There are 2 protein chains.
Amino acid sequence: MSSERTYHHGDLRRAVLSAALDVIRAEGPSAVRLRDLARRAGVSHAAPAHHFKDRTGLLTAIAAEGYELLADALSEAPDLRERGVAYVRFALGHPAHFQVMFQPELHRRDDSGLLAAKERASAELRAGITTLDTVPEPRTAGIAAWSLAHGFATLLLTHNLDEPVGDRDPADAFRSLADLLFAPGAVQVPGK
Amino acid sequence: MSSERTYHHGDLRRAVLSAALDVIRAEGPSAVRLRDLARRAGVSHAAPAHHFKDRTGLLTAIAAEGYELLADALSEAPDLRERGVAYVRFALGHPAHFQVMFQPELHRRDDSGLLAAKERASAELRAGITTLDTVPEPRTAGIAAWSLAHGFATLLLTHNLDEPVGDRDPADAFRSLADLLFAPGAVQVPGK
DNA sequence: CCGCAATCTAGGCATTGACAAGTTCAGCGA
DNA sequence: TCGCTGAACTTGTCAATGCCTAGATTGCGG
């Protein structure tokens, strides 16, 4: 915060991550330039490499952090519907993480930290489905729930639902969708 | 196909597009290099620029073409459920287009061709919802259907559903999900 | 057959990611 | 307190890339 320039930055890793998240939020992952992040942090152009190895390493770290945050968020939700809400909230609250998480070409797939974090989030996702004991096909219902939440979040982030959702609270809007999935008889197909 | 080298390529635009789609399918949009595409087409490094202006122009053209293809695919489906199936089929059949379409930072947002194509696809999407006349909230149902299809397709493409879906035909798998949305009483929430 | 515009080539510049080698510094043991 | 060691950071460099400009080639309409 103070403008003192020491040889050692103090928390360059965090500073670079933070700057990268800013850039991604504004212009997407493709706009991330290692040298630019270094400039923003006030260090030399090669300094970030010491913390992340290379560009892919940085993006992998962001993805891993994202899965950790997602796992945390999911674990706090009581039932499946609220887990879906938490999923959407996470995506909107951490758009940069979310984008990078779901572009596998950007990461090092075999990174141990990433795999561990992804597994944690995955476990939380599965745990949510067990809330639905009485459902005939919990696996199908789980995929449906995840698809619904993921699709809604993605479409929101890509500005494809700006008019239909408008000023409405996205979490509330998602609850309406989830009710369609799990409240019996809410929707009838004409010819069925 | 033949190795004759003429000054004029003949269909460089198509060749560059096609090469770009190959690259995107294999390594994502960030791996697209204009100079590389030129090499693959056997032309000089600046030739593609004449057809697409710049990298963003190329990706914009791909997105526009994608929306055209999507609109075509949707228009052929009879009802809302099959329109969802068509949506998923499109995403799996044209993964490169799909990826680029839903990364707005990669296009020139104000491109007229893109806007027109997007509007066409959007209209087809809305048209599908009118199939559900008797539904209390068609708008909500429409968003739900789109979210479900989009989320399912995205998760499939990012290899997040490899185990759960496995060898099953994705189209069939999606029909199960869609039935959960629109077949009343298929799923019951315990405490409701 | 001419000329013109579309298509493509050639060269150059600034920027970038990655690498190698050197510099600064903080902490730790004797 | 001293000196050492390794982590954190800097400086310099290279190949590759996007984009720009100027020039060469060619097909096509008049």
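Residue indices begin from 1 for each chain and proceed along its sequence in written order. Labels are handed out in written order, letters beginning with A for the chains and numbers beginning with 1 for the ligands. Side-chain atom pairs in this predicted model are given and counted only at pLDDT of 80 or more, local residue features only at pLDDT of at least 70, and totals for whole chains, interfaces and linings cover all residues. Derived side-chain values reflect all non-hydrogen atoms in the structure, with water molecules and hydrogen atoms excluded from consideration.

Caption draft 1: Region of the structure containing the overall build of chain A. Helix numbering and strand numbering both begin at the N terminus, where a helix is a DSSP run of H or I of at least 4 residues and a strand a DSSP run of E of at least 2. Regarding its fold elements, chain A presents ten helices and zero strands. Of the regular secondary structure in chain A, the N- to C-terminal order runs α-α-α-α-α-α-α-α-α-α. Any residue under 20% of the maximum accessible area for its type is buried, any over 50% is exposed, and the rest in between are partly exposed; the area is computed with a 1.4 Å probe on protein chains only. The buried share of chain A, reckoned over its 192 residues, is 49%. A separation of at least 24 residues holds for 69% of the contacts in chain A among residues at least 6 apart in sequence. Accessible areas in this description were obtained via Shrake-Rupley with a 1.4 Å probe; residue shielding takes into account the shown protein chains only. Of the roughly 9600 Å² of accessible surface on chain A, 51% is carried by carbon and sulfur atoms. Residue contacts are counted whenever heavy atoms from the two residues lie within 4.5 Å of one another.

Caption draft 2: Highlighting the nonpolar core. Core analysis: the biggest nonpolar cluster contains 125 residues, and A:Phe152 and B:Phe152 have the highest contact counts within it. In this view, A:Phe152 contacts A:Val88, A:Leu161, A:Val165, A:Pro170, A:Ala173, A:Phe174, A:Leu177, B:Ile143 and B:Ser147; residues no more than four positions away in its chain are not counted. Only buried residues count toward a nonpolar core. Its members are Ala, Val, Leu, Ile, Met, Phe, Trp, Tyr and Cys residues joined through side-chain atoms within 4.5 Å.

Caption draft 3: Here's a closer look at empty space enclosed by the protein. For each structure, a 1 Å grid was placed over the protein atoms alone; sets of points admitting a 1.4 Å probe that cannot get out are labelled cavities, open sets with protein on both sides within 12 Å along at least five of seven lines are labelled pockets, and lining residues have an atom within 4 Å of a point. Grid points are joined across faces, edges and corners, and a volume is the space filled by probe spheres set on the points. This structure, assessed with the given rule, holds two cavities of 30 Å³ or more. In this model, the largest cavity occupies a volume close to 80 Å³. A:Pro29, A:Ser30, A:Gln103, A:Leu106, B:Pro29, B:Ser30, B:Arg55, B:Gln103, B:Glu105 and B:Leu106 are the residues that line the largest cavity. Here the lining of the largest cavity is built from residues that sort into four nonpolar, four polar and two charged. Residues are grouped as follows: Ala, Val, Leu, Ile, Met, Phe, Trp, Tyr, Cys and Pro are nonpolar; Asp, Glu, Lys and Arg are charged; all remaining types, including Gly, are polar.

Caption draft 4: How the structure looks around the environment of B:Ala38. Residue and element names in this part refer to chain B. With respect to the element layout, Ala 38 can be found in helix H2 (residues 34–41). C-alpha of Ala 38 to C-alpha of Leu 12: the two residues are 26 residues apart in sequence and 9.0 Å apart in space. Among all residues touching Ala 38, those that are not within four sequence positions of it are Val 43, Ser 44, His 45 and Pro 48.

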